Amino acid sequence: MFSELSVIFKVIIIIIIYVIIFFALRIMYKDLKGGGRQNQGPKHTPVKRKKYGLEVININPSDNLKIGSVIMISGQIVIGRKDNNDLILSSQYVSGTHARVFLQNDKYLIEDLQSTNGTFLNGERLEGKAQLSIGDTVSIGEAEFKVIG
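All values reported here derive from a predicted model rather than from experimental measurement. (Residues numbered from 1 in each chain as written. Predicted model: local features only at pLDDT ≥ 70, side-chain atom pairs only at ≥ 80, totals over all residues. Heavy atoms only, no water.)

Participant: Requested: an account of the nonpolar core, with residues and values cited.
Facilitator: Core analysis: the biggest nonpolar cluster contains 24 residues, and Leu-89, Ile-110, Leu-132 and Phe-145 have the highest contact counts within it. Among the elements of the structure, strand E1 (53–58), strand E3 (76–80), strand E5 (99–104), strand E6 (107–112), strand E10 (137–140) and strand E11 (143–148) are those that each provide at least two residues to this core. (Core = buried A, V, L, I, M, F, W, Y, C linked by side-chain atoms within 4.5 Å. Buried < 20%, exposed > 50% of the residue type's maximum accessible area, 1.4 Å probe, protein only. Helix = DSSP H or I, 4+ residues; strand = E, 2+ residues; numbered from the N terminus.)

Structure, rendered in structure tokens:
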């Protein structure tokens, strides 16, 4: 009698194991195929922020930049004549800490940091902060940059 019960329990255990394996494989298959999701409406894709850069259009020959080179803007760039700036321009018309370009609320801005000779955006002297757009030109001392993206 025990041997018959033993065989029955073995068969039941084997069936249970196969059922568990079947459901586990089914779940893994759905995960691999991306299925198994209920229709949850349109998928939310994160907004990719467009990266901006400053292309060198004109530069003082004593600076370590070449015409056509690009300075990528990641976070913030402080521009000036002092060695602690991110972008150092050696022109006598550039203040120690002249201007900064930075990202704020998904918009790229430029700010004149009370420089002596001013920062020019599209040929006009900048007062405080202004938003940058692709194609804008920025002039600081003898240096001229074009905003690219």
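Participant: Give me the lowdown on the packing of aromatic side chains, citing residues and values where you can.
Facilitator: For the structure shown, the criterion picks out two aromatic pairs. For the ring pair Tyr-52 and Tyr-108, a centre distance of 4.3 Å and an interplane angle of 15° mean the geometry is stacked. A residue pair is termed long-range when its members are at least 10 positions apart, and Tyr-52 in the loop between helix H1 (2–33) and E1 and Tyr-108 in strand E6 qualify at 56 residues. Here Tyr-52 and Tyr-108 have matching classes, each one buried. Lying across the ring of Phe-102, Arg-100 places its NZ or CZ 3.8 Å from the centre. (Phe/Tyr/Trp six-rings, centres within 6.5 Å; stacked < 30°, edge-to-face > 60°. Lys NZ or Arg CZ within 6 Å of the ring centre and 35° of its normal.)

Participant: Hey, could you go over the pairing of E5 for me, with residue numbers and the actual values?
Facilitator: Relative to E5, E3 runs antiparallel, the two being bridged by four bridges. The partner of Gln-76 across the bridge, within E5, is Phe-102. Bridge analysis of E5 against E6 gives six bridges, and the strand direction is antiparallel. Each bridged residue has a counterpart across the sheet, and for Val-101 the counterpart in E6 is Ile-110. Counted along the chain from E5 to the antiparallel partner E6, the turn is two residues long, and its residue Asn-105 has a positive phi close to 55°. (Pairing = 2+ DSSP bridges.)

Participant: Summarise the sheet that holds E3; cite the residues concerned and give the values.
Facilitator: As a general point, the strands of a sheet are linked pairwise by backbone hydrogen bonds and lie either parallel or antiparallel. Read from one edge to the other, the open sheet built from five strands follows the order E4-E3-E5-E6-E9, with strand pairing classed as mixed. Looking at the sheet topology across the chains shown, the edges are occupied by strand E4 (87–88) and strand E9 (129–131).

Participant: Report on the UniProt feature "transmembrane region" (unreviewed entry) in the protein chain, specifying residues and quantitative values.
Facilitator: Per the UniProt record, "transmembrane region" (unreviewed entry) is annotated on residues 6–29. End C-alpha atoms of residues 6–29 are separated by 34 Å, and the span's content is 100% helix alongside 0% strand. (UniProt positions renumbered as here; feature names shortened; annotations may be inferred.)

Participant: An account of the sheet that holds strand E7 (residues 119–121) is needed here, citing residue identities and associated values.
Facilitator: Spatially, E2-E1-E11-E10-E7-E8 is the arrangement adopted by the six strands of the open sheet, whose pairing is antiparallel. In this open sheet, the two strands that pair with only one neighbour each are strand E2 (70–72) and strand E8 (124–125). With four bridges joining them, E10 and E11 adopt antiparallel strand pairing. Across the sheet, Thr-137 pairs through a bridge with Lys-146, a residue of E11.

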